[in-house]
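These are the residues of each chain, in order.
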Amino acid sequence: MPATKQEGRYAVHVLMLVATPVATDTRVLREARSLVTAGHRVHVVGRSVPVDFVPPEGVTVSSVGTSSAFRGEGGVSLKDRHPRRLPPHVRLARWALLPEHRRSAFGRWAAGVRGVVDGIGHVDVVHAHDFTALEVGARVARERGVPLVYDTHELWSGRPREHRPTPLADLHERAVEGRLGRQAAAVITVGDGVADALRERYGWDHVSVVRNTFPSAGPAGAAAQPTPSPRELVYAGRLAAYRELETIAEATRAPGLPLPVTLIGPADETWLAAFDAGAARVLPPVTPEEVTQRLVDAGLVLVTHSDRWENHRLAMPNKLFHAVRAGVPVVATDVGELARVVRAHGVGTLYRPGDAADLARAVREAVERYDELRAAVVAAAPELGWERDEQVLLGVYRGLEPVAWEDRPR
């Protein structure tokens, strides 16, 4: 069926493409939920989506699986997604071969997407999440004659590398992103720092900022009032290199850290195999709803990454906004855009990256100033909430030439 006009707006069928398991990709789920609430239809094609994943009401999901010598096929339960520890010789081989593995795996995923999309009816917009979905998204949009939205969750060319150097491939990817992003009807990204870098790097003038904020109600909202005093430090995010997890572990091994530490999330298998967590607990990933409750129960959130990579200096992590919506202060690294927001709103304390003693000092300060920091989080919630960013997203969609959708032959 063609796009239809409802209450002064056009309801369209959005095809979202994302090379993640979707279930814990809070940005994708937020955007899909908001578009459905606005009257649109959303179908997400993800990668190895857990068999027990239930998407938000009104959102449909397809899964394209990939496998390799390093990663098994998808289709497992979300609760079973826990990394294996690999022996040293396999870790070395993985480091050397990972670029080829990733290229092959994402290539197979993109080929699978084409097969799934061929079975889908009409599409009015293709929404490609991150560079890994950009090429296949641009191809589908071109073939269907519909607008492309490029939603980059980071500065792709500035992201950390956890494999051997690939300078030629990096140059190629940068050229592809510049060309296809220029052809997109709109580009969305996560913060002003990344947006400015994209404008400067590629000369794009069609970039909008939709931050990784969380809604004040619903599954991502706070389940209860945070504890009156912090009981635990929780890091909820990817467990991998360049996220200050080694510094956190070091802080747990020395006197002066007043709270226990839990690290929770999907892990890079090679990195985890060599990681000494110290006194910290390491747990597998859980749903966004369960993360929210963990933050509420803990009372203090670690939002950390290194200062080594450009993308980290520009990043606006999910973890920061998730903590704000749970009503919980943060202890964060004093790096770039992250530190700027924490300082501007007073929602936590900061420490020097790589300095375990300074991290312990920042934790003690957060405990001492807990009531003050909690009040600042409550005050900042409206400004740092999804309600503002949702309007930007919907505004982007309102600008995507609805007449072309309505008149285009099916």
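Source: prediction; values computed, not measured.

A. Fine view of the nonpolar core. Residues Leu15, Leu17, Trp109, Val113, Val126 and Leu148 are the most contacted members of the largest nonpolar core, which totals 39 residues. Listed by contribution, the elements that provide at least two residues to this core are strand S3 (13-18), helix H2 (88-118), strand S6 (125-129), helix H3 (131-144), strand S7 (148-152), helix H4 (167-183), helix H5 (192-202) and strand S9 (207-209). Broken down by element, this core gets its largest block of residues, seven residues, from H3. Leaving out residues up to four positions away in the same chain, Val113 has contacts with Leu17, Val45, Val64 and Val136.

B. Structural view of the pairing of strand S11 (residues 261-264). Of the two faces of S11, both are covered, the one formed by Val261 and Leu263 as well as the one formed by Thr262 and Ile264. Across four bridges, strand S10 (residues 232-236) lies against S11 in parallel orientation. Its bridge partner being in S11, Val234 is matched across the sheet by Thr262. Handedness of the crossover is the feature at issue here: the chain leaves S10, passes through helix H6 (residues 245-253), returns alongside S11, and the resulting connection is right-handed. Tracing the backbone out of S11, into helix H7 (residues 269-274) and back to the parallel element strand S12 (residues 281-283) gives a crossover that is right-handed.

C. Quick peek at the pattern of salt bridges. This model, assessed by the stated rule, comprises 21 salt bridges. A salt bridge links Asp268 to Arg238; its shortest N-O distance comes to 3.8 Å. Residue Asp268 is found in the loop between S11 and H7, and its partner Arg238 is found in the loop between S10 and H6; the two are separated by 30 residues along the sequence. Taking the relative accessible area as the measure of exposure, Asp268 reaches 7% and is therefore buried. Measuring nitrogen to oxygen at the nearest pair gives 2.8 Å for the salt bridge that ties Asp355 to Arg352. Overall, the relative accessible area of 23% leaves Asp355 in the partly exposed class. Taken together, the shared-partner salt bridges connect Arg352, Asp355, Asp358, Arg361, Glu365, Arg369 and Glu372 into one network.

D. Broad picture of the side chain of Thr333. Topologically, Thr333 is positioned in strand S14 (residues 330-333). Under the relative-accessibility criterion, Thr333 is labelled buried at 0%. Within the structure, the side chain of Thr333 is placed 3.2 Å from the backbone nitrogen of His305, a separation counted as a polar contact. Aside from chain neighbours lying at most four places away, what touches Thr333 is Glu244, Val303, Thr304, His305, Leu338, Ala339, Leu350, Tyr351 and Pro353.

About the thresholds
Residues numbered from 1 in each chain as written. Predicted model: local features only at pLDDT ≥ 70, side-chain atom pairs only at ≥ 80, totals over all residues. Heavy atoms only, no water. Core = buried A, V, L, I, M, F, W, Y, C linked by side-chain atoms within 4.5 Å. Buried < 20%, exposed > 50% of the residue type's maximum accessible area, 1.4 Å probe, protein only. Helix = DSSP H or I, 4+ residues; strand = E, 2+ residues; numbered from the N terminus. Contact = heavy atoms within 4.5 Å. Pairing = 2+ DSSP bridges. Right-handed = clockwise from strand over helix to strand, strands pointing away. Salt bridge = Lys/Arg side-chain N within 4 Å of Asp/Glu carboxyl O. Polar contact = N/O pair within 3.5 Å; in protein donor to acceptor, adjacent residues only side chain to side chain.

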